[in-house]
Structure formats: C-alpha cells, structure tokens
Amino acid sequence: MVIEFYLDGRSGLSPYLQLVQQVRHALRLGLLREGDQLPTVKDVVARLAINPNTVLKAYRELEHEGLVAARPGVGTFVTRTLADASLAAHGRLRQDLRRWLTAARLAGLDDESIEALFMATFRTASQEDIA
C-alpha cells in the first residue's frame, strides 16, 4: 500500500510533523508494513505543493526513529511496524466508532464539534485512567 499524505491547516502541527504522524498512524494501524515504500519526495511535493526540505525533514525524522530507511536512488522503505496484538480488535472498534460518528452527525454536530467532543472526552478519560 502506498500512503497518501494530506495536510490539515487547522491541526496546529507543522507540515513535516503531520507527515511523520501520518506514517506513524499507518504503521500502528497496519496500513504500512515492513518493506513498503513511501512516496518519493518528488511525488509528495507535487501532490501537496510543499517544499522538498519539509518532506526530507519528515523522512529523516522517521529514519532517526528507526521506522524507515532511505536507499539512495531507490526510495524510502518501511523497516519496522508499530502494529501490535491489538490490531485484531480494530475492525470491531472502527464499526463502533462509525456508528458513533453517524449518531453525532444525526444529532447535528459538524466535523469540528465532533472532533472537539472526541478530544475532550479522550483527554478526560486518559486523566481518569491515570488517577
């Protein structure tokens, strides 16, 4: 699978960190596996209209973390996954989350409201788990 990067101007994250985060998420969700090739810097620059140094910085960060390796003249390849045993539960959880998203939309929430509600609830639950 080839990952398709996107940039979200509302995220508050710099473009290079958004690329790093998207690769990490794809590795965690099993969407990228060892041996998969990331898009070339040229392809990402053409698709997102960003500076090549931004993409290179993201790829260097991932390489520093040991998640990818650059092969000069060939490309950048995944060397390690972040998926674990919990991957088997993702399908059922994704269905539950889709049902919840549908209910939120039917209740009149827009995307920003849904995201705010989810993140606030996520943070509260995380703090309660720590306490």
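What you are looking at is a predicted structure, and each value in this text was computed from that prediction instead of being measured.

**Looking at the pairing of strand 2 (residues 75-78)**
Here is step 1 of the chain: Here strand 2 shows two buried faces, one formed by Gly 75 and Phe 77 and the other by Thr 76 and Val 78.
Here is step 2 of the chain: As paired elements, strand 1 (residues 68-71) and strand 2 share four bridges and run antiparallel to each other. Each bridged residue has a counterpart across the sheet, and for Ala 69 the counterpart in strand 2 is Phe 77.
Here is step 3 of the chain: The hairpin formed by strand 1 and strand 2 contains three residues between the paired strands, and Gly 73 there has a positive phi angle of roughly 80 degrees.

**What about the confidence of the model for the chain?**
Here is step 1 of the chain: On average, residues of the chain score 90 in pLDDT, and 97% of them reach the 70 mark or higher.
Here is step 2 of the chain: Of all the helices and strands in the chain, helix 5 (residues 111-130) carries the lowest mean pLDDT, 84, while helix 3 (residues 52-64) carries the highest, 97.

**So, helix 3**
Here is step 1 of the chain: For helix 3, spanning 13 residues, the distance from its first C-alpha to its last is 18 Å, which sits close to the expected 18 Å at 1.5 Å a residue.
Here is step 2 of the chain: Buried residues in helix 3 make contact with helix 1 (15-28), helix 2 (41-48), strand 1 and strand 2.
Here is step 3 of the chain: Of the residues that open helix 3, the one with a side-chain oxygen 2.7 Å from the backbone nitrogen of Asn 53 is Asn 51.
Here is step 4 of the chain: Positive phi shows up at Gly 66, right after helix 3, with a value of about 80 degrees.

**A closer look at the layout of surface pockets**
Here is step 1 of the chain: Volume-wise, the largest pocket comes out at about 1,500 Å³.
Here is step 2 of the chain: Together, 30 residues line the largest pocket, and Tyr 6, His 25, Leu 29, Leu 97 and Phe 118 are the ones closest to its centre.
Here is step 3 of the chain: Secondary-structure elements contributing two or more residues to the lining of the largest pocket are helix 1, helix 4 (90-106) and helix 5.
Here is step 4 of the chain: Its residues assigned to classes, the lining of the largest pocket comprises 14 nonpolar, six polar and ten charged.

**A short note on the packing of aromatic side chains**
Here is step 1 of the chain: Considering all chains together, one arrives at one aromatic pair under this definition.
Here is step 2 of the chain: Their ring planes at 15 degrees and their centres at 6.0 Å tell us that Phe 118 and Phe 122 sit as a pair that is stacked. With Phe 118 and Phe 122 both in helix 5, this residue pair falls four residues apart, about one helical turn.
Here is step 3 of the chain: Stacked on the ring of Tyr 16, the Lys or Arg Lys 57 has its end atom at 4.3 Å from the ring centre.
Here is step 4 of the chain: Over the ring of Phe 77 we find Arg 71, and its NZ or CZ is 4.1 Å from the ring centre.

**Some words on the pattern of salt bridges**
Here is step 1 of the chain: For the coordinates displayed, the defined rule picks out nine salt bridges.
Here is step 2 of the chain: Linking Arg 47 and Glu 4 is a salt bridge whose minimum nitrogen-to-oxygen distance equals 2.9 Å. Placement of Arg 47 in helix 2 and of Glu 4 in the segment before helix 1 is noted, with a sequence separation of 43 residues between them.
Here is step 3 of the chain: Classification of Glu 4 as exposed rests on a relative accessible area of 54%.
Here is step 4 of the chain: Where Asp 111 meets Arg 105, a salt bridge forms, and the shortest distance between an N and an O atom there is 3.0 Å.
Here is step 5 of the chain: Judged by relative accessible area, Arg 105 falls into the partly exposed class, the value being 47%.

The rules behind each value
Residues numbered from 1 in each chain as written. Predicted model: local features only at pLDDT ≥ 70, side-chain atom pairs only at ≥ 80, totals over all residues. Heavy atoms only, no water. Buried < 20%, exposed > 50% of the residue type's maximum accessible area, 1.4 Å probe, protein only. Helix = DSSP H or I, 4+ residues; strand = E, 2+ residues; numbered from the N terminus. Pairing = 2+ DSSP bridges. pLDDT = per-residue confidence, 0-100. Expected span 1.5 Å × (residues − 1). Contact = heavy atoms within 4.5 Å. Polar contact = N/O pair within 3.5 Å; in protein donor to acceptor, adjacent residues only side chain to side chain. 1 Å grid on protein atoms, 1.4 Å probe; cavity = no way out; pocket = protein on both sides within 12 Å on 5 of 7 lines; lining within 4 Å. Points joined across faces, edges and corners; volume = space filled by probe spheres on them. Nonpolar A, V, L, I, M, F, W, Y, C, P; charged D, E, K, R; others polar. Phe/Tyr/Trp six-rings, centres within 6.5 Å; stacked < 30°, edge-to-face > 60°. Lys NZ or Arg CZ within 6 Å of the ring centre and 35° of its normal. Salt bridge = Lys/Arg side-chain N within 4 Å of Asp/Glu carboxyl O.

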